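These are the residues of each chain, in order.
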2 protein chains.
Amino acid sequence: MPFDGEIFSGSDVLVTGGLGFIGSSLARRLVALGAKITLVDSLIPEYGGNLFNIHDIRDRVAVNIADVRDPHAIASLVKGRNFLFNLAGQTSHLDSMTDPLTDLNINAAAQLHILEACRLHNPDVKIVFASTRQVYGRPQYLPVDEKHPVDPVDVNGINKLAGEWYHLLYHRVYKIRACALRLTNTYGPGMRVKDARQTFLGVWVRQLIEGKPIQVFGSGGQQRDFNFIDDVVDALLRAAAGAASDGQVFNLGNNEHISLRELAELLVRLNRGGRYEIVPFPADREAIDIGDYYSDFSKIQTALGWSPKISLPDGLAQTLEYYKQHRAHYWDSAS
Amino acid sequence: MPFDGEIFSGSDVLVTGGLGFIGSSLARRLVALGAKITLVDSLIPEYGGNLFNIHDIRDRVAVNIADVRDPHAIASLVKGRNFLFNLAGQTSHLDSMTDPLTDLNINAAAQLHILEACRLHNPDVKIVFASTRQVYGRPQYLPVDEKHPVDPVDVNGINKLAGEWYHLLYHRVYKIRACALRLTNTYGPGMRVKDARQTFLGVWVRQLIEGKPIQVFGSGGQQRDFNFIDDVVDALLRAAAGAASDGQVFNLGNNEHISLRELAELLVRLNRGGRYEIVPFPADREAIDIGDYYSDFSKIQTALGWSPKISLPDGLAQTLEYYKQHRAHYWDSAS
C-alpha cells in the first residue's frame, strides 16, 4: 500500500533528536510533505546531532537547541503540536554500562517528563517513540516477533524498555495516542560514523573509506537485519498517521538478513576495494552481545502496510557514496 | 527443609528500608541469628519507615538515617558488608501515577546508584532485592510463574522492573551476587496502616479496629494471595544464604488464595465484629487494577526449600492483635 502522507501537510510537528540521523531524515521527508517542523536537539558531541544533517533544509525547519532532560523546555515545546516524533536517546550500549545514570536520565526519566508534559499541556498529540530491538536481549527464537519475551542484556535495553512502556502506559491510562517502533539496525546517510555509539556499521563505513580494515568482532557469523533510513522514516510516518497504531508496539526489520562477515564482504565489494579482518570480541562488548538477531515485522506490515523497500546493496551503496562526498562533516580525518 | 540461618551469625548486614515493615521484621530475625546489622531508612512520612517497628531491638541494631537517592551516603554505607537486603522502595501505585519521577528516582535511579556502589566498593557483597508481582501486570494465566510475560500496568511496575533488572544485569555482567524476590501481598505486624500506600490490607485492618466498615472495591471477587511477614523474612534469608539464588528471580506466593470479599469476611470473623461494604472502584485505582492474581512459587520451593508456613487466619489474627495493642504508634486516632 503506497503511503501519501497527506495528513502531514500543514501539520505542526515536533521531533526530539531532530538533528540526529533519523530525526533529520524524517524532517527532510516532512518538509517535502508540507509540514511545519521544529527540531529539538541537545547537540551533545557524543550523540547523533549534527547540523550538517539538515544543511539542505536548514531554512525550512525551526531548530531549538535543548536537552530532553530539561523539563521546562520540553513543557513549552510540546504545546500545540499535532505530532511528536520522540527520537532523542542515548544509543550507546557501552556508554550505558560505564555511565548508567546518564542513560537512565535520557532514556527513562526524560521520557516521563515528555509524557507528563503532553498529558498536562497537549493530551491530543500523537506520539511515535523510537524504541529498540535491544529490549529483547538475546533472542530465544528467530525471527523475533513482538510476543518474544523482553530480557535486556544491558542498562540501555532496560532503560529504553522503561521509556517505551511509559508511552504505552500513558495511552492505556490517559488515552494519550502514543505508539512505539522497535528499531533494528538502521543505517544510511546521516548516521554517526565517528565511533560505534550509534551503530557499528557507521564505523565500518568510515574504516572502509579511510582505507583501513573493517574490524569484525567474534566469529563474524552473527546474523543481523538492517533497515535503510528511508524505510524507517516511512514506518515513522505511517505509525504517526493512523489510529491503528495507538497504544501499540511494532518491530521493524527485514527479511533480508546477513552475517556480519557477509556484510563486511558486501561493503568491500560495493566499495570496489578495501578489506576486513576478524578480531576477537573486546570483553566489554562480548559481555552484552546478543548473538543472532532478526525480526518478524509482520505486525506492522498487516496493521500499517509497512515493509522495507530498499535492498541492502542499494542502501549501502547510497551510504558509501554519501560519506565519500561529505566525510569532512562527519569525522576529522586527522583523528 | 528447616533453615538454620547460621551463616548470618557474626555477619555484617545492611538493610535499606530497614525501619519499614519488612526491613524491621528481617532485622529482628537477624538479631536473633547474631548478625551485626545496620538499618538505612529515610523516614519519609509517606513511606514505610517507623522507629516503633524496632522498639524491641533498638539497642541491638545500628540505625543510619539516609535516603537511598543519596549516592554518597550509599557508597559509604555498602562498604564492608557481607549481605545487603535492598528493600527500600516507593510502594504506592497511585503515587507512582501522580508523581512518576519520584517513583523513578527511588525505584530505578537509586537502585543503579546502589549497584554501582557495590560494583566499585564491595563487589563480593550478596544482594537480595525486594521486587514485586506488579511487574507482571494483569495475569495472562494463573498461577503466575516467573516465565509469565512482564507487562506492568503502572509507573511503579515499570520502575520496579527496571530496578530488578539492574540487579540481574549486574550479576550477569559483573558477577555481583544479586537476586530478586517478586513479593506478592505481604502483611503482618509493622505494615503501614495509615493509608493504602503499602498495602490495602493495612487500611482494612485499621478500618476494622476503628469500627468502620472495610471498603472492598469493585466486585470483591478479585483473587489474591498473601504472605505473612515471617514467611517473607524466611525467604529473604534463604535467598541471601545460598549461591543457588545468584542471578535469579523468584516469586513468593501462597497456595491459599482468596477473594477480597472472602478476605474481608475472614477479617470480620477473626475480629469477632465489624463489617465490610462493597463500593465502586475509584477511577484512578480501576485504571491500574490487575484483576485476579496469585503466584506459582515452585521455583523458590525447589531451589531454596521455601514455602509459606503461616496460614492466613493465623497471620491475620496476629496482625489484628498487634495493631489493637500498638495502634497509637501507627496512626493518629483523630485523623
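The numbers attached to residues start from 1 for each chain and follow its sequence in the written order. Both sets of labels track the order of writing: A upward for chains, 1 upward for ligands. Residues qualify for local features only when their pLDDT is at least 70, as the model is predicted, and side-chain atom pairs are given and counted only at 80 or more; totals for whole chains, interfaces and linings, by contrast, use all residues.

1. What about the interface of chain B and chain A?
In many analyses, interface size is given as the accessible surface area lost on bringing the parts together. The contact criterion used here is simple: two residues whose C-beta atoms, placed from the backbone, lie within 7 Å are in contact. The interface is formed by 22 residues belonging to chain B together with 22 residues belonging to chain A. The helix count covers DSSP runs of H or I at least four residues long, the strand count covers runs of E at least two residues long, and both are numbered beginning at the N terminus. Where the side of chain B that touches chain A is concerned, the elements lending two or more residues are helix H4 (100–121) and helix H5 (155–174) of chain B. Looking at the side of chain B that touches chain A element by element, the count peaks at eight residues for H5 of chain B. For this scheme, ten residues count as nonpolar: Ala, Val, Leu, Ile, Met, Phe, Trp, Tyr, Cys and Pro. Four count as charged, namely Asp, Glu, Lys and Arg, and the remainder, Gly too, count as polar. Taken together, the residues that form the side of chain B that touches chain A break down as 19 nonpolar, one polar and two charged.

2. Notes on the relation of the copies chain B and chain A
Copies are brought into register by a least-squares superposition over C-alpha atoms of residues with pLDDT of at least 70 in both. With an RMSD of 0.0 Å, the fit of chain B onto chain A corresponds to turning through 180° and sliding 0.0 Å along the axis. The operation mapping one copy onto its partner corresponds to a two-fold rotation axis. When the interface residues of chain B are mapped onto chain A, 100% of them are again interface residues, pointing to one common binding face.

3. Overview of the environment of Asp 231 of chain A
Residues and elements named next belong to chain A. One can find Asp 231 in helix H7 (residues 229–241). For Asp 231, a count of 20 C-beta atoms within 10 Å corresponds to the buried category. A sequence separation of 151 residues divides Asp 231 from Gly 80, and the C-alpha atoms of the two residues are 28 Å apart. Leaving out residues up to four positions away in the same chain, Asp 231 has contacts with Pro 308, Lys 309 and Ile 310. Using C-beta atoms placed from the backbone, we call a residue buried if 20 or more other C-beta atoms fall within 10 Å of its own, exposed if 12 or fewer do, and partly exposed for counts in between.

4. Structural notes on the environment of Trp 204 of chain A
Residue and element names in this part refer to chain A. Inspection of the secondary structure puts Trp 204 in helix H6 (residues 200–209). Here Trp 204 falls in the buried class, since 26 other C-beta atoms lie within 10 Å of it. Sequence separation of Trp 204 and Leu 263 is 59 residues, and the distance between their C-alpha atoms is 10.0 Å. Setting aside chain neighbours within four positions, we find Trp 204 in contact with Ile 214, Ala 264 and Leu 267.

5. Structural notes on H5 of chain B
Residues and elements named next belong to chain B. A rise of 1.5 Å per residue sets the reference length of H5, with its 20 residues, at 28 Å; its end C-alpha atoms lie 28 Å apart and thus fit the reference within 8%. Across the 20 residues that make up H5, a large majority, 17, are buried. Residue Lys 175 follows H5 closely and has a positive phi angle near 65°. Here the expected span of a helix is defined as 1.5 Å times the quantity of residues minus one.

6. Structural notes on the sheet that holds strand S11 (residues 257–259) of chain A
Residues and elements named next belong to chain A. By the convention used here, strands pair only if DSSP detects at least 2 bridges between them. Taken in spatial order, the three strands line up as S7-S9-S11 in an open sheet, and their pairing is mixed. Looking at which strands have only one partner, the edges of the open sheet turn out to be strand S7 (185–187) and S11. The mean angle between the axes of side-by-side strands here comes to 45°, regardless of whether they run parallel or antiparallel. Here S7 pairs with strand S9 (residues 223–228) via three bridges, running parallel. Looking across to S9, one finds that Tyr 187 is bridged to Phe 228. Think of each axis as a best-fit line through the C-alpha atoms, taken over the contacting stretch in the case of a helix, with angles from 0 to 180 degrees between the N-to-C directions. Running at roughly 70° to S9, H7 makes contact with S7 and S9 of the sheet.

7. Let's talk about the sheet that holds strand S3 (residues 62–65) of chain B
Residues and elements named next belong to chain B. Pairing is parallel in the open sheet, where seven strands are placed in the order S3-S2-S1-S4-S5-S6-S10. Each having just a single partner strand, S3 and strand S10 (249–251) make up the two edges of the open sheet. Across the sheet, the mean angle from the axis of one strand to that of its neighbour is 20°, orientation sign disregarded. Where strand S1 (residues 12–16) and strand S4 (residues 83–86) come together, four bridges link them in parallel fashion. Bridge pairing links Val 15 to Phe 85 in S4. H5 contacts strand S5 (126–132), strand S6 (177–183) and S10 of the sheet and is inclined by roughly 150° relative to S6.

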